[in-house]
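Chain and residue survey
Listed below are the residues making up each chain.
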Amino acid sequence: MSFFPAYLKLDNKKILVVGGGKIAGDKISHLLDFTHNITIIAPEIDERVQEFITTHSLPYHKRSYQTGDVEGFFIVIVAVDDLEVQKTIYEECQKYGALCNAVDSVEYCDFIFPSYIKKGELIIAFSTSGASPALSKYLRRAIEKLLPANIASFLQELKTLRATLPKGKERMELLDKKAKEYIQKHFKG
Ligand SMILES: C[C@@]1(CC(=O)O)c2cc3[nH]c(cc4nc(cc5[nH]c(cc(n2)[C@H]1CCC(=O)O)[C@@](C)(CC(=O)O)[C@@H]5CCC(=O)O)C(CC(=O)O)=C4CCC(=O)O)c(CCC(=O)O)c3CC(=O)O
Ligand SMILES: NC(=O)C1=CN([C@@H]2O[C@H](COP(=O)(O)OP(=O)(O)OC[C@H]3O[C@@H](n4cnc5c(N)ncnc54)[C@H](O)[C@@H]3O)[C@@H](O)[C@H]2O)C=CC1
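An unreviewed UniProt entry annotates the protein as precorrin-2 dehydrogenase originating from Nitratiruptor tergarcus DSM 16512. Recorded in UniProt for the protein, the comment headed Pathway (unreviewed entry) runs: "Porphyrin-containing compound metabolism; siroheme biosynthesis; sirohydrochlorin from precorrin-2: step 1/1." Here the protein is described in UniProt, under the heading Catalytic activity (unreviewed entry), as follows: "precorrin-2 + NAD(+) = sirohydrochlorin + NADH + 2 H(+)".

What follows is the structure, encoded as structure tokens:
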């Protein structure tokens, strides 16, 4: 079965990152686009992770993972270089009902990170279901180049129109027409 693409609301949801190396840094930098509610547990951390902790006042516990640490977290990212630790934490997540992402094995993932483009409120995500993260990355870069420079502000314009005009057939037709014309103009579709 493939992964279901969903966009999660992270307000008031606690996230735990276990590990503080290069990959933990990558995951934290992506999470920071969406939330600052991130706790880190790791005996050693890279300079970049230290910078994230300092800049965003993230709670950091300088130690190895201990049984029960996942309790109270909505999402847990296991960015350690040890598959046994990933398996143990994944199993604990199942027990405590936390969503687990293990960076070394799709088998221990309840969800996986997509590659994404964020332009204001437009978020385009790419996933290969774990088959080729590199393909996700290069596809993201290629698609990003095709996007009109003003797409975020155009989206904002549509959002405002949508919020101010009364709901109904007229609003629906106007928004559809504006979106269609914009896409046709920029993509010759
Ligand atoms: C399953 C998943 C789980 C997860 O991490 O959530 C996962 C797993 C693994 N990645 C590995 C390797 C690489 N990962 C990247 C890059 C990214 N990896 C990301 C996501 C994911 N990686 C999830 C699936 C995504 C999908 O479905 O496409 C991205 C998209 C998003 C992000 O990191 O936030 C981000 C690009 C961000 C961007 O720039 O847009 C690169 C390239 C690079 O670093 O430049 C390489 C080397 C090239 C290669 O292998 O392709 C390895 C092997 C490790 C080893 O060999 O030692 C595993 C483990 C395994 O495969 O078992
Ligand atoms: N999913 C992805 O996108 C990718 C995943 N990987 C995988 O990610 C893993 C991590 O890679 P790096 O960050 O480069 O490794 P790293 O060696 O830089 O960092 C490992 C971190 O885990 C911490 N750690 C180790 N045992 C721990 C424990 N019991 N409790 C808490 N923290 C612990 C260490 O202190 C360190 O901060 C590797 O196994 C690699 O194969 C690699 C490339 C991409």
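Helix and strand counts for the protein stand at six helices and seven strands. Of the regular secondary structure in the protein, the N- to C-terminal order runs β-α-β-α-β-β-α-β-β-β-α-α-α. Seen along its three principal axes, the alpha-carbon backbone of the protein occupies a region of about 55 × 35 × 35 Å. Counting across all 189 residues of the protein, residues that qualify as buried make up 32%. Roughly 12,200 Å² of accessible area belongs to the protein as shown, and the carbon and sulfur atoms make up 55% of that amount.

Taken together, the side chains of Asp-81, Asp-82, Glu-84 and Asp-104 define an acidic patch exposed on the protein surface. Following the sequence through the fold, Asp-81 ends up in the loop between strand E4 (75–78) and helix H3 (83–96).

Okay, the sheet that holds strand E5 (residues 99–102) next. Read from one edge to the other, the open sheet built from five strands follows the order E3-E2-E1-E4-E5, with strand pairing classed as parallel. Sheet topology places strand E3 (60–61) and E5 at the edges, where each strand pairs with a single neighbour. The sheet contact formed by strand E2 (residues 38–41) and E3 spans two bridges and is parallel. Of the residues in E3, the one forming a bridge with Ile-40 is Tyr-60. Against the sheet, H3 makes contact with strand E1 (15–18), E4 and E5, and its axis sits at roughly 170° relative to E4, the strand it touches most.

Around ligand 1 lies a shell of 20 residues, among which Lys-27, Ser-115, Ser-136, Lys-137 and Arg-140 are the nearest. With respect to the detected pockets, ligand 1 is housed in the second largest pocket. Residue assignment for the shell around ligand 1 shows that the elements contributing at least two residues are helix H1 (22–31) and helix H4 (133–146). If you tally residues by element for the shell around ligand 1, the top one is H4, at five residues.

The next thing to look at is the packing of H1 against helix H2 (residues 47–56). Relative orientation of the contacting elements H1 and H2 amounts to 35°, with a least axis distance of 8 Å. By crossing handedness, the relation of H1 to H2 is classed as left-handed. In this structure, H1 uses Lys-22, Gly-25, Asp-26, Ile-28 and Ser-29 to contact H2, whose residues at the interface are Arg-48, Val-49 and Phe-52. Of the residues in the contact of H1 with H2, the class split is three nonpolar, two polar and three charged.

The subject of this paragraph is the site of ligand 2. If you check the shell around ligand 2, you find 18 residues, and the closest are Gly-20, Ile-23, Glu-44, Tyr-65 and Asp-104. With respect to ligand 2, the backbone of Ile-23 contributes an N or O atom lying 2.8 Å from an oxygen atom. At 3.0 Å from a nitrogen atom of ligand 2 is found a main-chain nitrogen or oxygen belonging to Val-103. Considering every element that reaches the shell around ligand 2, the biggest residue donor is H1, with three residues. Class assignment for the residues of the shell around ligand 2 results in nine nonpolar, four polar and five charged.

Definitions and cut-offs
Residues numbered from 1 in each chain as written. Chains lettered and ligands numbered in written order. Predicted model: local features only at pLDDT ≥ 70, side-chain atom pairs only at ≥ 80, totals over all residues. Heavy atoms only, no water. UniProt positions renumbered as here; feature names shortened; annotations may be inferred. Helix = DSSP H or I, 4+ residues; strand = E, 2+ residues; numbered from the N terminus. Buried < 20%, exposed > 50% of the residue type's maximum accessible area, 1.4 Å probe, protein only. Areas by Shrake-Rupley, 256 points an atom, 1.4 Å probe, with all protein chains shown as cover. Patch = residues over 30% accessible without salt bridge, like charges linked within 9 Å, V, L, I, M, F, W, Y side chains within 5 Å. Salt bridge = Lys/Arg side-chain N within 4 Å of Asp/Glu carboxyl O. Lys, Arg positive; Asp, Glu negative; His and termini not counted. Charge placed at Lys NZ, Arg CZ, Asp CG, Glu CD. Pairing = 2+ DSSP bridges. Contact = heavy atoms within 4.5 Å. Axes fitted to C-alpha atoms, helices over the stretch in contact; angles between N-to-C directions. Near = heavy atom within 4 Å. 1 Å grid on protein atoms, 1.4 Å probe; cavity = no way out; pocket = protein on both sides within 12 Å on 5 of 7 lines; lining within 4 Å. Sits in = over half its atoms within 2 Å of the grid points. Left-handed = near helix turned anticlockwise from the far one by under 90°. Nonpolar A, V, L, I, M, F, W, Y, C, P; charged D, E, K, R; others polar. Polar contact = N/O pair within 3.5 Å; in protein donor to acceptor, adjacent residues only side chain to side chain.

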